[in-house]
Number of protein chains: 2
Amino acid sequence: MSVEKTVGIIGGMGPEATVEFMRRLVEAVPAKDDADHLHVIADNNPKIPSRIAALIEKTGEDPSPVLIRMAKGLEAAGVDFLTIPCNTAHYYLPAIAGAVGIPVLDVVALAIAKLNGVTPKPVKIGMLASPAVRLVGLFDRRLSASGFEAFFPDEETEARLLDVIRAVKAGHVTPSHQRTYEAIANRLAEDGADAFLVACTELSLLRPPELPQPLFDTLDILVEATVAAARS
Amino acid sequence: MSVEKTVGIIGGMGPEATVEFMRRLVEAVPAKDDADHLHVIADNNPKIPSRIAALIEKTGEDPSPVLIRMAKGLEAAGVDFLTIPCNTAHYYLPAIAGAVGIPVLDVVALAIAKLNGVTPKPVKIGMLASPAVRLVGLFDRRLSASGFEAFFPDEETEARLLDVIRAVKAGHVTPSHQRTYEAIANRLAEDGADAFLVACTELSLLRPPELPQPLFDTLDILVEATVAAARS
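Just so it is clear, the model here is predicted, and its values are computed rather than measured.

What counts and how
Residues numbered from 1 in each chain as written. Chains lettered and ligands numbered in written order. Predicted model: local features only at pLDDT ≥ 70, side-chain atom pairs only at ≥ 80, totals over all residues. Heavy atoms only, no water. Pairing = 2+ DSSP bridges. Helix = DSSP H or I, 4+ residues; strand = E, 2+ residues; numbered from the N terminus. Axes fitted to C-alpha atoms, helices over the stretch in contact; angles between N-to-C directions. Contact = heavy atoms within 4.5 Å. Expected span 1.5 Å × (residues − 1). Buried < 20%, exposed > 50% of the residue type's maximum accessible area, 1.4 Å probe, protein only. Least-squares fit on C-alpha atoms with pLDDT ≥ 70 in both. Parallel < 35°, antiparallel > 145°, perpendicular 65-115°, else oblique. Left-handed = near helix turned anticlockwise from the far one by under 90°. Nonpolar A, V, L, I, M, F, W, Y, C, P; charged D, E, K, R; others polar.

With that settled, the discussion passes to the sheet that holds strand β3 (residues 81-83) of chain B. Each strand in a sheet pairs with its neighbour through backbone hydrogen bonds, running either in the same direction (parallel) or in the opposite one (antiparallel). Read from one edge of the open sheet, six strands run β3(A)-β1(A)-β2(A)-β2(B)-β1(B)-β3(B), paired in mixed fashion. On the outer flanks of this sheet lie β3 (81-83) of chain A together with β3 of chain B, each paired with one strand and no other. Adjacent strand axes in the sheet meet at a mean angle of 20° when their direction is disregarded. Pairing of strand β2 (residues 40-44) of chain A with strand β2 (residues 40-44) of chain B, which is carried by five bridges, proceeds in the antiparallel orientation. If you follow V40 of chain A over to β2 of chain B, its bridge partner there is N44 of chain B. Seen against the sheet, helix α1 (residues 15-28) of chain B touches β2 of chain A together with β1 (7-11), β2 and β3 of chain B and runs at an angle of roughly 170° to β2 of chain B. Where helix α3 (residues 64-76) of chain B meets the sheet, its contacts fall on β1, β2 and β3 of chain B, and the angle it forms with β1 of chain B comes to roughly 160°.

This brings us to helix α9 (residues 175-190) of chain B. Residues and elements named next belong to chain B. Taking 1.5 Å of rise per residue, 16 residues should cover 22 Å, and α9 covers 22 Å from first to last C-alpha, within 8% of that figure. Listing the buried residues of α9 in full gives H177, Q178, T180, Y181, E182, I184, A185, L188 and A189. G192 sits one or two positions beyond α9 and adopts a positive phi of about 115°.

Here we come to the relation of the copies chain B and chain A. When chain B is fitted onto chain A, the two copies agree to an RMSD of 0.0 Å after a turn of 180° and an axial shift of 0.0 Å. The superposition of one copy onto the other is thereby described by a two-fold rotation axis. Of every C-alpha in chain B, the one belonging to A42 of chain B sits nearest the axis of rotation, 2.6 Å from it. Interface residue correspondence from chain B to chain A reaches 100%, placing this contact among same-surface, isologous pairings.

As a further point, take the pairing of strand β4 (residues 124-129) of chain B. Look at any regular strand and the pattern is simple: side chains alternate between the two faces of the sheet. Residue and element names in this part refer to chain B. Counting buried positions over the six residues of β4 gives five, a clear majority of the element. As paired strands, β4 and strand β5 (residues 149-151) are joined by three bridges and run parallel to one another. Its bridge partner being in β5, I125 is matched across the sheet by A150. As paired elements, β4 and strand β6 (residues 195-199) share five bridges and run parallel to each other. Looking at the pairing, A129 lines up with A199 of β6.

All right, on to the packing of helix α8 (residues 155-169) of chain A against helix α9 (residues 175-190) of chain A then. Residues and elements named next belong to chain A. Running from N to C, α8 and α9 cross one another at 140°; their axes reach a closest spacing of 10 Å. Here α9 runs oblique to α8, going by the angle between their axes. Seen along the crossing, α8 lies across α9 with a hand that is left-handed. Packed against α8, whose contacting residues are T157, R160, L161, D163, V164 and A167, the element α9 presents H177, T180, Y181 and I184 at the interface. Its residues assigned to classes, the contact of α8 with α9 shows five nonpolar, three polar and two charged.

What follows concerns the sheet that holds strand β6 (residues 195-198) of chain A. Residues and elements named next belong to chain A. The four strands lie next to each other as β5-β4-β6-β7, forming an open sheet whose pairing is parallel. Two strands lie at the open edges of the sheet, namely β5 (149-151) and β7 (215-217), each paired on one side alone. Going across the sheet, the axis of each strand differs from the next one's by a mean of 30°, ignoring polarity. Sheet strands in contact with helix α5 (residues 107-116) are β4 (124-128), β6 and β7, and its direction is about 155° off that of β6.

Below, the structure is given as structure tokens:
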């Protein structure tokens, strides 16, 4: 019997980001054979009501009942803890965590822990994220409580970033989308960002912007924490 | 409500091949947004007893109880049909299919259907597969019944192909492994293969050998059939 825990993934937001998360989980584990890798059960469900529609356009169905059903299904399937490779979906984390008896990793807490390890301590954290993440204040207060400031692009710029995110979801990223992403990050750097969080798993699928400041990809942070949690 | 069926994946053999299967499923579906993609529940379980140990070395535990447990778990989770991105594991297909009330895709039947569509009809089918696939005769009789011949490398060569498969599982493929794979395929071509099946999902992770004969990757065959079954 393996002493490792089984990982449950609440996935599909988007499905490609979930697959990339799973790929990085395989890559993160040094293995001589199949059995060295983690046991992962993934519900890659792209039919979850759109978080963009619910939180930005405010026209869409509440995704939380589906997220809760998925969490319970994974718990019933025997996973030991849950992980959600989507930042925006963490808005629903309290509802999800309250519905199951197993732990759920919290990407916001993990990202803050990562930033706490940076010396000299950064203050303004450039947020490469969906507008939904800003609108619901997913990171703001918790970053503040640790002495950081969530630093977002202005609204016009963030609309262009949402276009990039939509292009990733539609699977038609062009070099122009990549350049837009790079330019937005560079502008935040010029405006004083001390460090960066890639806080949208669609953006994790793009080439990371080249910046002098430290940049952390929340998808990588979640991979690292998932491997650690499975072995704890 | 979506009219599409939910896909269940009995995965982990190996885990990287399962992730690649899921990646190709995302790629195979033209999508404007997340919701256009298929709902997939994957049990990516690399702890399934080794098929190499059970069927080649004849020292290992029988994998079928774990495979059956996974199939039942996916059925209980609500998937509408099952797919197994591992050729060797299809040796256990009758046991798996007998244990659940939902259909299980059969990569052997699907591969034969694909070969039946080739004109002029190939006879000798070059098998790029694990020695386990030959030893259990997974394809032989069924290919014969359709007028094909399963054409394997000799035992010394097939041992080298197993080394390549093991290198993929260990995540340390070198250019030398890629060259070995290419050379083995080319030798089968010189010896008269009319068409090829990549019939090991670890080999599907390598660059396909360049050959004048038609070559079909069973992982792609399974992707195509999975998309079709989900929409049927």
